[in-house]
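Observations on chain architecture
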Amino acid sequence: MPVFRTSAGKSTSKKNKDLQNGVNMDYKSSGVDIEAGYKSVELMKRYVKETMRPEVLGGIGGFSGAFSLGSISKMKEPVLLSGTDGVGTKLKIAFILDRHDTIGIDCVAMCVNDVACAGGEPLFFLDYIACGRNIPEKIASIVKGVAEGCRQAGCALVGGETAEHPGLMPEDEYDVAGFSVGLAEKSELIDGSLLHDGDILIGLASTGVHSNGFSLVRSIFPMTEESLGKHYDELGTTLGEALLTPTRIYVPALKSIKNAGVKVHACSHITGGGFYENVPRMLTEDMRAVIRKDSYEVPAIFKLMQKTGDIDERVMYNTYNMGIGMVLSVAEADVDKTMAAAREAGDTPYVIGYIEEGEKGVDLC
């Protein structure tokens, strides 16, 4: 059954001080509010229920999340896939703006997109939130985002942990991470083995910066409420809102493409390291990717970042997704079906390049 708990560390300095002053000790006086933990769990329950799948066993409670694998018996060679990640320093922007309802989507996206680009269907997700002080409404807002990410990905949120760490973390800060487990037939894994000369590369549009490269972002722009609250005409919103736009979840698009009868030959989730690091990960040793930079319009947020920070173009493509969050390689005959299926799932696809024989790597031209 789904499990959601709160746990905590200890504030030894405060404990020692209270002992010296003859104060009766309890957990709350050491900096940990158990009642706040209970309240957090109660507030998040309604969001968690929205992510349930038929395979989830039991209600919310217990020590572990239970998920039936009965469907595996119908598969020839079932393979479990897993992905784990966090949100990184994008959290700093959420802290400054006191906006916490989208960060959870980022956390889920970073994990399920990795599972999906390997050919798997994400089954369930668990999160871990560490905080300096448990503020129930804030924790519930984070989990609301996690649940929304799971809903978009079609996976169940079967558990989580909220750990209160007084004295270790600032009271108004937190970190969030998680992991997802998915399932695929071995024959349907996307591993690059089907790549061949003449394949076409299709890019699925990103929603912006996603969840990578924010240490550089925070060097480009002043991290103040005033700076993040500034409205930019080219963005159509404030800088902060643009940067907090949650990571796109590509699970529905890849499922739609599969259901259209397309066999994806290779796939890459464009995360930290941008094109130069991630595209080669989907290639075999004798294949090279060629991507045309003018094949789509680079989103305004990246142009603003590059101009404001005076950043070299190669650095941008080596750090950010530059408007493409997922790259797929398909046979030329499947391009139209792939594009139509991606659009049907609500994504925006572009033909961005091709595969050719050569030394493993990527050319951006």
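Our structure's up above, just so we're on the same page.
Residues numbered from 1 in each chain as written. Predicted model: local features only at pLDDT ≥ 70, side-chain atom pairs only at ≥ 80, totals over all residues. Heavy atoms only, no water.

A few points about the side chain of Arg53
We count it as follows: Helix and strand labels come from DSSP, where a helix needs a run of H or I of at least four residues and a strand needs a run of E of at least two; each type is numbered from the N terminus. Under this definition, polar contacts are N or O atom pairs within 3.5 Å; protein pairs additionally need one hydrogen-donor-capable and one acceptor-capable atom, and for neighbouring residues in sequence, both atoms have to be side-chain atoms. The contact criterion used throughout is that any non-hydrogen atoms of two residues lie within 4.5 Å.
Note that Arg53 resides in the loop between helix H2 (34-49) and strand E2 (56-57). Within the local environment of Arg53, its side chain forms a polar contact with the side chain of Glu55, the two groups lying 2.9 Å apart. Look past the residues within four positions of Arg53 in its chain and what remains in contact with it is Phe67, Glu121, Pro122, Leu123, Gly154, Cys155 and Ala156.

Topic: the layout of surface pockets
Quick reminder of the rule: Definitions used for this entry: grid spacing 1 Å over protein atoms alone; cavity, a set of points where a 1.4 Å probe fits but cannot get out; pocket, an open set with protein on both sides within 12 Å along at least 5 of 7 lines; lining residue, one with an atom within 4 Å of a point. Grid points are joined across faces, edges and corners, and a volume is the space filled by probe spheres set on the points. Polar here means any residue other than Ala, Val, Leu, Ile, Met, Phe, Trp, Tyr, Cys and Pro, which are nonpolar, and Asp, Glu, Lys and Arg, which are charged; Gly is therefore polar.
The space that makes up the largest pocket amounts to roughly 590 Å³. In terms of lining residues, the largest pocket is bounded by 25 residues, among which Gly119, Gly120, Glu121, Lys255 and Lys258 are the most central. Put simply, the parts of the chain that give the lining of the largest pocket at least two residues each are strand E5 (121-131), helix H5 (136-153), strand E7 (174-185) and helix H9 (251-259). The element that contributes the greatest number of residues to the lining of the largest pocket is H9, accounting for seven residues. Here the residues of the lining of the largest pocket are counted per class, giving 13 nonpolar, five polar and seven charged.

Digging into the side chain of His269
With respect to the helices, strands and loops of the structure, His269 is situated in strand E11 (residues 266-269). Among the polar contacts listed, one links the side chain of His269 to the side chain of Asn113, at a separation of 3.4 Å. A polar contact of 2.7 Å, which involves the side chain of His269, links it to the side chain of Asp114. Those residues in contact with His269 that sit more than four places away from it in its chain are Ala109, Met110, Asn113, Asp114, Cys117, Asn278, Gly325 and Met326.

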